[in-house]
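Structural overview for review
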Amino acid sequence: MNVKPFVVVPVAGILCLGLWAGCSSPKPKSPVAQAQSPVPPQAQPQPPLSPLMKTSRLVIHADQTGAKISRNIYGQFSEHLGRCVYEGIWVGEDSLIPNTRGIRNDVVTALKKIRIPVIRWPGGCFADEYHWMDGIGPRDQRPSRINTTWGGVVENNQFGTHEFLDFCDQIGAAPYISGNVGSGTVEELMQWIEYMTATTNSIMSDLRREDGRKEPWKIPFVGVGNESWGCGGEMTPEYYSDNFRRYNTFVKDYPGNKIYRIASGSNGDDTNWTEVLMKNVGKRMNGLSLHYYTLPTGNWKNKGSDLAFSETEWFSTLQRALKMDDLVTRHSAIMDKYDPQKKIGLIVDEWGTWYDAGPGGNLGILYQQNTLRDALVAGATLNIFNQHCDRVKMANIAQLANVLQAMILTDKEKMTVTPSYWVFEMDTVHHDATLLPSDLQSVDYAFGDKTIPAVSASASRDQAGKIHVTLCNLNPNQSADVTCELQGAKATKLSGRILTAPEMNAHNTFDQPDNVKPTEFNTFKVTDNGFVTTLPAKSVVVLEVD
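Heads up: these notes are all about the structure in this document. (Residues numbered from 1 in each chain as written. Predicted model: local features only at pLDDT ≥ 70, side-chain atom pairs only at ≥ 80, totals over all residues. Heavy atoms only, no water.)

Turning next to the pairing of strand β21 (residues 455–461). When you tally the buried positions in β21, you get 6 out of 7 residues, the bulk of the element. As defined by bridge partners, strand β17 (residues 434–435) adjoins β21 across 2 bridges and the pair is classed as antiparallel. Counterpart to T434 in the pairing with β21 is R461. Bridge analysis of β21 against strand β22 (residues 467–473) gives 7 bridges, and the strand direction is antiparallel. Its bridge partner lying in β22, S456 is registered against C472. Between β21 and β22, which pair antiparallel one after the other, the connecting turn spans 5 residues, and G465 there sits at a positive phi close to 90 degrees. (Buried < 20%, exposed > 50% of the residue type's maximum accessible area, 1.4 Å probe, protein only. Helix = DSSP H or I, 4+ residues; strand = E, 2+ residues; numbered from the N terminus. Pairing = 2+ DSSP bridges.)

So, in structure tokens, the structure goes:
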């Protein structure tokens, strides 16, 4: 174990305090059992973690106030790709699958439970070949197009503007519209905004009324292009800056609707893109996007398997997921040069795991199973976003259903939720809560000659005054003892929930939908100045402190 300074680090595994769920692997004596003597009420300066020590130390500064953790950090992304929209959300009004105006009832019911704040649509790369007028009017008169981005399949446009906004209404989410800058015109984007949001009589608003919607919708978020450095046009940042300036001019705020304008941002490490956009058009945007996917191998031609993996791929996946902290830090530093007051949000509107396609591909393009490993990626990444909530104002995991790190998996009439879904459900306690600054001194998770922090954490205080702590233990083999000091608060009672399973690749199936789901957790003990707990291997825990 390396000697580490006392710093904030992300923690893998997700922990929620509650009744103890048990652990199949033997554990060393827990600090819960050792916490007999009183702890001094005032925190003392803490030395670096000794190689002989086996306990992670967390200090939560409940006497300090951080930024608000925007609920939009827990956003989703749905694209016309594989079976995300068609079958995952839309089955049509004539389907035998129970639906409301063509939208699956079982999916709506499940998504309401995780309180999705915002959904990005229609892409993704698809957005830059989508022409919105194809998806309005009578469905039997809508044209079919070829989805040249994803598999060359026929897009019948049965799910268009009205259907998407109805879906948002049904689950209680705000819409985030991604505009076509790659192949669309300025006029087309301008007219789409008018169609959706104009209140007075005009050509576009009258057309909306003819199509069955009298009142305008609220459209709080609009993306001006997507991945303009790649599938959205292969532009340079200088050229895209000029395009953003032009298109954004015609994204109009009609009465009663104020649009938060999001510029197409960087691909992972490309900090030059961020620099150029902040310099050239920073004063014209509200948000700047960032995309980053976690591949076990880092090789796009051989990404790795969703289910058939060893600890080698477990470690490399989590190691690459933790890179998000470095990316957010570096892009934020550039944004700080031009926007020191942090008025412009960093919008991480595509993130998550990406594996090789399964054999046969019969379950759709980019369909992948979702395991406990994905849950830990989600838990650790969301902790990173929480810790950076002064700059990160929205994030959208890819994708909602049947594609990449999905919340929902379907197969015709069958449906199940994934381990990642449960992380989002457990973390609803952080929505619009106030970040509590924290310092984490974590033990290492070592594999071969490499190490990462074993524990990831974030803490917040909700409007009712309750403190919630999300803890992740990324080590798949060993439990993690954590001593937590609460500065400026007194713990009188704890409760929690835990997400874990015996196997690294544990996952839910249509026949066994409850293989991975939260249970109560109570392996903790209140101390004079906080609490101690033991996190089982490969777990996510969320604790509530009263």
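That was the structure; now back to the text.
With 6 of its 7 residues buried, strand β14 (residues 392–398) lies for the most part within the structure. When strand β13 (residues 345–353) meets β14, the two strands line up parallel, connected through 4 bridges. Its bridge partner being in β14, W351 is matched across the sheet by I397.

What follows covers the side chain of E227. If you trace the backbone, E227 turns up in the loop between β10 (221–224) and α6 (237–249). No salt bridge is formed by the buried E227, whose closest oppositely charged neighbour, R120, lies at an N-O distance of 6.6 Å. Once you skip the residues sitting within four places of it in the chain, E227 turns out to touch C125, G232, G233, S264, H291 and E350. (Lys, Arg positive; Asp, Glu negative; His and termini not counted. Salt bridge = Lys/Arg side-chain N within 4 Å of Asp/Glu carboxyl O. Contact = heavy atoms within 4.5 Å.)

Another aspect to go through is the packing of aromatic side chains. Applying the stated criterion across every chain, the model contains 22 aromatic pairs. Pairing W121 with Y130 gives two aromatic rings, centres 5.6 Å apart and planes at 65 degrees, and the pair type is edge-to-face. Since its relative accessible area comes to 3%, Y130 is described here as buried. Between the aromatic rings of Y240 and F244, the centroid separation amounts to 6.2 Å while the plane-to-plane angle is 50 degrees, which identifies the pairing as tilted. With Y240 and F244 both in helix α6 and 4 residues apart, this pair spans about one turn of that helix. (Phe/Tyr/Trp six-rings, centres within 6.5 Å; stacked < 30°, edge-to-face > 60°.)

What follows deals with the sheet that holds strand β2 (residues 55–61). The strand order across the open sheet built from 5 strands is β18-β2-β23-β27-β26, with neighbouring strands paired in mixed fashion. Each end of this open sheet is capped by a strand with a single partner; those strands are β18 (438–441) and β26 (524–527). Pairs of neighbouring strands in the sheet enclose a mean axial angle of 15 degrees, with direction left out of account. Two strands pair when backbone bridges link them, and β2 and β18 are joined in this way by 4 bridges, in the antiparallel orientation. Residue pairing for β18: L58 is matched across the bridge by L440. (Axes fitted to C-alpha atoms, helices over the stretch in contact; angles between N-to-C directions.)

Of all the residues in helix α7 (residues 271–281), the buried ones are W273, T274, V276, L277, M278 and V281. One side-chain oxygen at the N-terminal end of α7 lies 3.3 Å from the backbone nitrogen of N272; it belongs to D270. (Polar contact = N/O pair within 3.5 Å; in protein donor to acceptor, adjacent residues only side chain to side chain.)

Packed helices, taken two at a time, are described by the angle their axes make and the gap between the axes. Put simply, helix α8 (residues 311–321) and helix α10 (residues 372–387) touch, their axes get as near as 10 Å, and they point 20 degrees apart. Classified by the angle their axes make, α8 and α10 are roughly parallel. Crossing hand, α8 versus α10: right-handed. Every residue of α10 that contacts α8 at E313, W314, T317, L318 and A321 is listed here: L372, R373, L376, V377, T381 and I384. Here the residues of the contact of α8 with α10 are counted per class, giving 7 nonpolar, 2 polar and 2 charged. (Parallel < 35°, antiparallel > 145°, perpendicular 65-115°, else oblique. Left-handed = near helix turned anticlockwise from the far one by under 90°. Nonpolar A, V, L, I, M, F, W, Y, C, P; charged D, E, K, R; others polar.)

A complete count under the given rule lists 27 salt bridges for this structure. Ionic pairing is found between R145 and D134, a salt bridge with its closest N-O pair at 2.8 Å. In this pair, R145 sits in strand β7 (residues 145–147) while D134 sits in the loop between β6 (118–121) and β7, placing the two residues 11 residues apart along the sequence. When the shortest N-O distance is used, the salt bridge between K342 and D336 registers 2.9 Å.

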